[in-house]
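Residue-level structural notes
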Amino acid sequence: LFNRENRVMLNILSKENIVAGEDYNRWKVPVASILIHICIGSVYAWSIFNPALTKSLGVVASSANDWTLSQVVWIFSVAIVSLGLAAAFAGKWLEKVGPRMVGVCSAALWGGGFIIGYFGIITHQLWLLYLGYGVIGGFGLGLGYVSPVSTLIRWFPDRRGMATGMAIMGFGGGAMIGGPLKRWLLAEYSQTPESLGSVDSLILQTIDGVRYADVGGIMKEVVVDNAQAFVVGTGNTGVADTFLTLGIGYFVVMVIAAFLYRVPKEGWKPKKFVEPKTGKSAYIAKKSVLVDTAMKTPQFYLLWIVLCMNVSAGIGVIGVAKTMITEIFGGQMPMIVDGAFASIYVVMISVFNMCGRFIWASSSDYIGRKNTYYIFFILGIILYLSIPYAAGQVSANPAVQYLVMFYAATMIIFTMYGGGFATIPAYLADIFGTKNVGAIHGRLLTAWSTAGIVGPLAITELRSVSKENAIMDLANKVDANAFVEKFGAGKEQLVQLIETKTVTIKSLMDIAPAGTVDPSATLYNTTMYAMAGLLFIGLIANHLVKGVDSKYQEK
């Protein structure tokens, strides 16, 4: 009976049983793709979890044992790495079993990853978060990401760019829905920690860099926020219950969407079919190239570099988007750039990311894939270099126009970031033919895995160095007696106080001499220069892409 039920389930999911009839409306297929991609695309709203995860014990502020931003940002990176690795395997598997089976597997892994992450949070075991959300959930991302690409290219052979734009559009828009949903759930499940009152009414001690309060002869670890002391471990950020709720919800929606998938019959063509045309710089293959053969061509590796550089430049910024805009502008414009503003900024990233996927990919049907990437890289370099300028200016003069400049530059960057993802499958179809594009695309997505390490590593490490240097410079400007009075320890313990998050830029600015400029706005300058350099490498690789030699094509 068990084997019979398994066979029935496999038959329901198999490729042979989801072949559409001749009169099937192909416009129904993108619905399944968009639903699945909206669910997995919520990964782009990861930065909303950052504040809650870095304050899971302290709640109102980070305690000594709370996870750091660098630690939790890497969970996002692991998920992206796992995505690329799973896609490299799933591309070829997809061609064999069909998109419905791959979609159901994606639902189980993505939803299950959230649930494992839930147990990691409630037990404060970081490795479970990495395993659940990062590895298992990341595999679900990879399977869900590739499931519609080759299917929609076959349904829309006359408009490849538009097809891939639709296939991947939902992934960029996932944070548009997931972001507000996550914020609402966090608010619903959160609980304020126990307050001990004003720090002036308490006896605080600093032991090994950690703040403690003497409450009735009992030493309790506390965090200080707005001159109030709160007991560590008594509140709730709501992040654990949010993970559990999302895991169950995403699983249900993705399974329903997977059952909407259909594939066309072999050799199917739409009525009034016209061969696609692109710009002069693109090369449309007349014959297809096998996936293993494609990996022997220089074109595959040049396109790998093109995708990797475009993604690396954007993915690091997305992972810390909410933190970045708050640090650059929050201190200078607190009445404008508050928590709500930063959260809306994350949603707008998703909106522009999603729109860019469809608009740029559709435009590439007319201007060519290669020309489209030329725009991404040249315009992207200019925009990344404009961000340090805006940050430097707002430090000296907190005028709104610099916030507008930053906002506009980053939004255009995110359209091109999303557009790069949506255009690359059509670029591959032009170069290698449509027959094996799903499998080739899956292999190419290992570039995303690499970018998932390069981008966040660059932005967190360079930011960390800039932040440490800024704290050291501020500490040197602060009066020694004021320092001891504020932190309960001398400057000789500065390194330890930084590690335990007792000393921060914000806390030092409270006792800094009048006229001291807050360095928070310039923490990301070096990172932006590095991102512009990555785009220049991608520009060179794109220029070198030519047509595939006929010896690599199927006979």
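Residues numbered from 1 in each chain as written. Predicted model: local features only at pLDDT ≥ 70, side-chain atom pairs only at ≥ 80, totals over all residues. Heavy atoms only, no water.

**Topic: unusual backbone geometry**
- Its identity as a non-glycine residue notwithstanding, Asp-208 has a phi of 55 degrees, on the positive side.
- Along the chain, Asp-208 falls in the loop between β2 (204–207) and β3 (210–215).
- A positive phi angle, close to 50 degrees, is found at Asn-226, a residue other than glycine.
- Note that Asn-226 resides in the loop between β4 (218–225) and β5 (228–231). (Helix = DSSP H or I, 4+ residues; strand = E, 2+ residues; numbered from the N terminus.)

**Overview of the packing of helix α13 (residues 339–367) against helix α15 (residues 400–432)**
- Viewed as axis vectors pointing N to C, α13 and α15 meet at an angle of 45 degrees, and their least axial separation amounts to 6 Å. One finds that α13 runs oblique with respect to α15. The interaxial crossing formed by α13 with α15 has right-handed handedness.
- In the contact of α13 with α15, the residues fall into 17 nonpolar, eight polar and one charged. (Axes fitted to C-alpha atoms, helices over the stretch in contact; angles between N-to-C directions. Parallel < 35°, antiparallel > 145°, perpendicular 65-115°, else oblique. Left-handed = near helix turned anticlockwise from the far one by under 90°. Nonpolar A, V, L, I, M, F, W, Y, C, P; charged D, E, K, R; others polar.)

**Overview of the confidence of the model for the protein**
- The predicted model of the protein has a mean per-residue pLDDT of 84, with 95% of residues at 70 or higher.
- By mean pLDDT, the top-scoring element of the protein is helix α9 (residues 239–258) (95), and the lowest-scoring one is helix α1 (residues 2–13) (62).
- Taken together, the stretch residues 278–282 has pLDDT below 50 and engages in 13 contacts with residues farther than four places along the chain or on a different chain. (pLDDT = per-residue confidence, 0-100. Contact = heavy atoms within 4.5 Å.)

**Structural notes on the pattern of salt bridges**
- Tallying each qualifying case throughout the model produces four salt bridges.
- In this structure, Arg-369 and Asp-365 form a salt bridge, with 2.9 Å as the shortest nitrogen-oxygen distance. The exposure classification of Arg-369 matches that of Asp-365, with both residues buried. (Salt bridge = Lys/Arg side-chain N within 4 Å of Asp/Glu carboxyl O. Buried < 20%, exposed > 50% of the residue type's maximum accessible area, 1.4 Å probe, protein only.)

**What about a nonpolar patch on the surface?**
- On the surface, Tyr-366, Ile-367, Ile-375, Ile-378, Leu-379, Ile-382 and Ile-412 cluster together to form a nonpolar patch covering roughly 610 Å² of accessible area.
- Mapped onto the nonpolar patch, the elements with two or more residues apiece are α13 and α14 (369–396).
- Looking at the nonpolar patch, the element that brings in the most residues is α14, giving four residues.
- As for its position among the elements, Leu-379 is in helix α14. (Patch = residues over 30% accessible without salt bridge, like charges linked within 9 Å, V, L, I, M, F, W, Y side chains within 5 Å. Areas by Shrake-Rupley, 256 points an atom, 1.4 Å probe, with all protein chains shown as cover.)

**Quick word on empty space enclosed by the protein**
- Enumeration according to the criterion identifies three cavities of 30 Å³ or more in this entry.
- Every residue along the wall of the largest cavity is listed here: Asn-310, Ala-313, Gly-314, Phe-376, Gly-380, Tyr-384, Ile-413, Met-416, Tyr-417 and Leu-535.
- Elements that contribute at least two residues to the lining of the largest cavity include exactly α11 (298–319), α14 and α15.
- In terms of residue class, the lining of the largest cavity is made up of seven nonpolar, three polar and no charged. (1 Å grid on protein atoms, 1.4 Å probe; cavity = no way out; pocket = protein on both sides within 12 Å on 5 of 7 lines; lining within 4 Å. Points joined across faces, edges and corners; volume = space filled by probe spheres on them.)

**A short note on the sheet that holds β4**
- The antiparallel open sheet is built from five strands, whose spatial order is β1-β5-β4-β3-β2. Looking at strand neighbours, the two that pair on one side only are β1 (195–198) and β2, the edges of this open sheet. In this sheet, neighbouring strand axes are inclined to one another by 40 degrees on average, regardless of whether the strands run parallel or antiparallel.
- As judged from the three bridges shared by β1 and β5, these two strands associate in the antiparallel manner. From the neighbouring strand, Gly-197 faces β5, where its bridge partner is Ala-229. (Pairing = 2+ DSSP bridges.)

**Quick notes on the pairing of β4**
- Sheet analysis places β3 next to β4, joined by four bridges and oriented antiparallel. By the bridge assignment, Tyr-212 is partnered in β4 with Glu-221.
- The turn joining β3 and β4, which pair antiparallel and follow one another in sequence, is formed by two residues; a positive phi near 60 degrees is taken by Gly-216.
- Between β4 and β5, which follow one another and run antiparallel, lie two residues, and Asn-226 among them has a positive phi close to 50 degrees.

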